[in-house]
Amino acid sequence: MKLKNMFAACALALSVMPFAASAELSKDQWLAKVGDCANNPSAMKATIAQIPASEQAEFVGKVNEAIGKKPASAESKAADFYAVNKAAVSGASDKSSVLAEVFATVPVEYLTDINERFATELFSRNANPENKPISDAAFTELATNALAVVNARCQSAENAGVRQTFAALLFIRASGGSPEGLADTLVAQMTDPQAKESASSWIADAMGGEGKEASYNEMLDSTNAGAEPDHSVVLQMTGPAVITEALLADLQAPDNTSASGSPSGLGGGAFVAGSVAGSAVPSDGVPDFRLDRIPRGAIGSGDGVGGNRDGTNEGEDNPYYSRRRGSTSGSEPFTPEPPDYVK
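The model shown is predicted, which means the values in this text are computed figures rather than measured ones. (Residues numbered from 1 in each chain as written. Predicted model: local features only at pLDDT ≥ 70, side-chain atom pairs only at ≥ 80, totals over all residues. Heavy atoms only, no water.)

1. Remarks on the overall build of the protein
To keep it simple, the criterion reads: Every helix listed is a DSSP run of H or I at least four residues long, and every strand listed is a run of E at least two residues long, numbered separately from the N terminus. Accessibility here uses a 1.4 Å probe with only protein chains present; expressed as a share of the type maximum, an area under 20% marks a residue as buried, one over 50% as exposed, and anything in between as partly exposed. We call two residues in contact when some of their heavy atoms are within 4.5 Å.
Counting its secondary structure elements, the protein contains 15 helices and 0 strands. Taking all 343 residues of the protein together, the buried fraction comes to 41%. Counting only contacts in the protein whose residues sit at least 6 apart along the sequence, the fraction spanning at least 24 positions is 66%.

In structure tokens form, the structure reads like this:
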């Protein structure tokens with residue numbers, strides 16, 4: 001009888017699980033998570049997936065407002081805006097509206113980093129060319145449709161022309177240089193008069209080329225923007241991209257139900273294991289490739305990579321547990337870690 005009851009309980013749990021996983025958060029519930037998501041990209045990705053599609057953009061706007069109020073350096077804020085908004089776009093069901101909210105609510109000086117990294121990490125047409133190549137015509141359609149949503153949202157934001165131009169730059173970079181004339185096509189559909197007048201010059205400066213150094217100075221000088229963050233410092237704080245997600249077609253598949261419009265349909269995550277892609281994010285929400293990460297090594301293992309706790313080098317060299325690390329240097333004897341460190 002006990003065994004029968006156990007099977008019945010398991011069956012009931014399995015039947016209820018899908019409904020629990022898909023339960024949507026009320027507005028009061030997701031408002032309470034704004035602060036947490038402003039500090040934790042993994043919390044943002046998990047939370048936005050539980051918010052009704054019609055409220056996801058509003059949530060992103062409030063999170064960006066919270067990030068903007070942080071007392072931090074320009075580089076620290078840039079790292080937060082990038083990581084949190086990337087998680088938002090990746091986890092959202094209505095990607096076009098969320099992307100529009102990103103460009104409408106992130107301060108313009110931080111869009112310098114976002115437009116470049118989103119282009120290569122989220123919306124590149126070449127994310128998986130072997131499995132699902134995207135033609136020039138299809139890319140142009142996807143870009144113009146997405147930009148129409150962004151333009152409409154940014155029209156009511158401060159510095160609308162600059163924001164619309166940054167969004168156009170995202171798709172120009174994501175295009176890989178083709179089709180010819182894409183920049184003109186995207187500029188022609190901008191709704192802000194300032195953008196139509198100045199965008200071509202801004203885009204040319206931002207893209208650089210022909211011996212000309214890329215620069216956002218002209219764009220930012222036309223606004224009341226803060227200082228442009230040092231992009232090399234931001235990259236050090238956030239780590240190099242280890243994930244390439246094919247989200248381009250999702251801009252036209254807000255429910256993410258079609259195979260052609262889903263990340264898996266376009267090869268999203270094809271270059272990285274699931275554990276790296278975010279299914280095993282540390283509990284503190286800090287990616288393991290940041291500079292402030294806690295180093296981990298093969299402790300207590302006789303055949304660990306880089307050697308064991310006694311300092312014997314077996315396999316690939318690992319300076320953290322090799323003979324080069326300890327209280328002495330050079331050819332002096334190795335000093336092993338204290339025993340209580342080994343857990």
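Okay, back to it.
2. Brief notes about the packing of aromatic side chains
Here is the rule: Aromatic contacts are taken between Phe, Tyr and Trp rings whose centres are within 6.5 Å, Trp giving its six-membered ring; a plane angle under 30 degrees counts as stacked, one over 60 as edge-to-face, and the others as tilted.
Inspection of the entire model under this criterion finds 4 aromatic pairs. Taking 5.5 Å as the distance between ring centres and 45 degrees as the angle between the ring planes, the aromatic pair formed by Phe166 and Tyr216 counts as tilted. In this pair, Phe166 sits in helix α10 (residues 160-174) while Tyr216 sits in the loop between α12 (193-207) and α13 (217-221), placing the two residues 50 residues apart along the sequence. With respect to class, Phe166 is no different from Tyr216; both count as buried.

3. A short note on the pattern of salt bridges
Close approach of charged atoms allows side chains of opposite charge to pair. Keep this limit in mind: The rule for a salt bridge is simple: a side-chain nitrogen of Lys or Arg has to be within 4 Å of a carboxyl oxygen of Asp or Glu.
As enumerated under the stated definition, the model contains 10 salt bridges in all. Of the charged contacts in the structure, one is a salt bridge between Arg117 and Asp113, with a shortest N-O distance of 3.7 Å. On the criterion of helical spacing, the pair formed by Arg117 and Asp113 is a turn pair, its members being 4 residues apart in helix α8 (residues 111-121). According to the relative accessible area criterion, Asp113 is buried, its value standing at 4%. Sharing partners across several salt bridges, the network here consists of Lys86, Asp113, Arg117 and Glu121.

4. A word on unusual backbone geometry
The step from Ser178 to Pro179 runs through a cis peptide bond, and the omega angle for that step is 5 degrees. Counting through the fold element by element, Pro179 comes out in the loop between α10 and α11 (182-188). In the Ramachandran plot, Asn159 falls in the positive-phi region, its phi being about 60 degrees despite a non-glycine side chain. Its place among the elements puts Asn159 in the loop between α9 (136-154) and α10.

5. Observations regarding the nonpolar core
Here is the rule: The set of buried Ala, Val, Leu, Ile, Met, Phe, Trp, Tyr and Cys residues whose side-chain atoms join them within 4.5 Å is what this entry labels a nonpolar core.
By size, the foremost hydrophobic cluster in this structure holds 72 residues, and its most contacted members are Leu99, Phe103, Phe118, Phe123 and Phe171. Excluding its chain neighbours within four sequence positions, the residues that come into contact with Phe118 are Tyr82, Asn85, Lys86, Val89, Leu99, Val102, Phe123 and Leu170.

6. Remarks on the environment of Ser73
Cut-off, in case you're wondering: A 3.5 Å cut-off defines polar contacts: any pair of N or O atoms within that distance qualifies, except that in protein one atom must be a possible hydrogen donor and the other a possible acceptor, and neighbouring residues in sequence count only when both atoms are side-chain atoms.
Along the chain, the position of Ser73 falls in the loop between α5 (53-68) and α6 (74-91). In this structure, the C-alpha to C-alpha distance between Ser73 and Pro229, residues 156 residues apart in sequence, is 8.6 Å. A distance of 3.1 Å separates the side chain of Ser73 from the backbone nitrogen of Ser76, its partner in a polar contact.

7. Concerning the packing of α9 against α10
Short version of the rule: Only the stretch in contact is used when fitting a helix axis, every axis being a line fitted to C-alpha atoms; angles between N-to-C directions are given from 0 to 180 degrees. Here the word oblique covers every angle except those under 35 degrees (roughly parallel), over 145 (roughly antiparallel) and from 65 to 115 (roughly perpendicular). Each crossing gets its handedness from the near helix: less than a right angle anticlockwise from the far helix is left-handed, clockwise is right-handed. Three categories are distinguished: nonpolar for Ala, Val, Leu, Ile, Met, Phe, Trp, Tyr, Cys and Pro, charged for Asp, Glu, Lys and Arg, and polar for the others, with Gly belonging to the last.
Packing of α9 against α10 brings their axes to within 10 Å, and their N-to-C directions diverge by 160 degrees. Here α9 is positioned roughly antiparallel relative to α10, judged by the angle of their axes. Classified by chirality, the crossing of α10 by α9 is right-handed. Contact residues: Phe139, Ala143, Ala146, Leu147, Val150, Asn151 and Cys154 in α9; Ala160, Arg163, Gln164, Ala167, Ala168, Phe171 and Ala174 in α10. The residue makeup of the contact of α9 with α10, split by class, is 11 nonpolar, 2 polar and 1 charged.

8. Structural notes on the side chain of Asp80
Counting through the fold element by element, Asp80 comes out in helix α6. Leave out the neighbours within four places in its chain, and Asp80 touches Ile67, Lys70 and Asn85.

9. Side note on the environment of Thr223
Looking at the secondary structure, you find Thr223 in the loop between α13 and α14 (231-238). Taking the C-alpha atoms as reference, Thr223 lies 9.9 Å from Ala160; in sequence the two are 63 residues apart. Separated by 2.9 Å, the side chain of Thr223 and the backbone oxygen of Leu220 make a polar contact.

10. A few points about the environment of Val150
Along the polypeptide, Val150 turns up in helix α9. Classification of Val150 by relative accessible area gives buried; the value is 1%. On a C-alpha basis, the gap between Val150 and Ser97 in space is 7.3 Å, while along the polypeptide they are 53 residues apart. Not counting the four nearest positions on each side in its chain, Val150 is found in contact with Leu99, Ala100, Phe103 and Ala167.

11. Points about the packing of α10 against α12
Where α10 contacts α12, the two axes come as close as 9 Å, and the packing angle between them is 45 degrees. With respect to α12, the element α10 is oriented oblique. The interaxial crossing formed by α10 with α12 has right-handed handedness. Judged by residue contacts, Gly161, Val162, Gln164, Thr165, Leu169, Ile172 and Arg173 of α10 engage Gln194, Ala195, Ala199, Trp202, Ile203, Ala206 and Met207 from α12. Across the contact of α10 with α12, the residue classes break down as 9 nonpolar, 4 polar and 1 charged.

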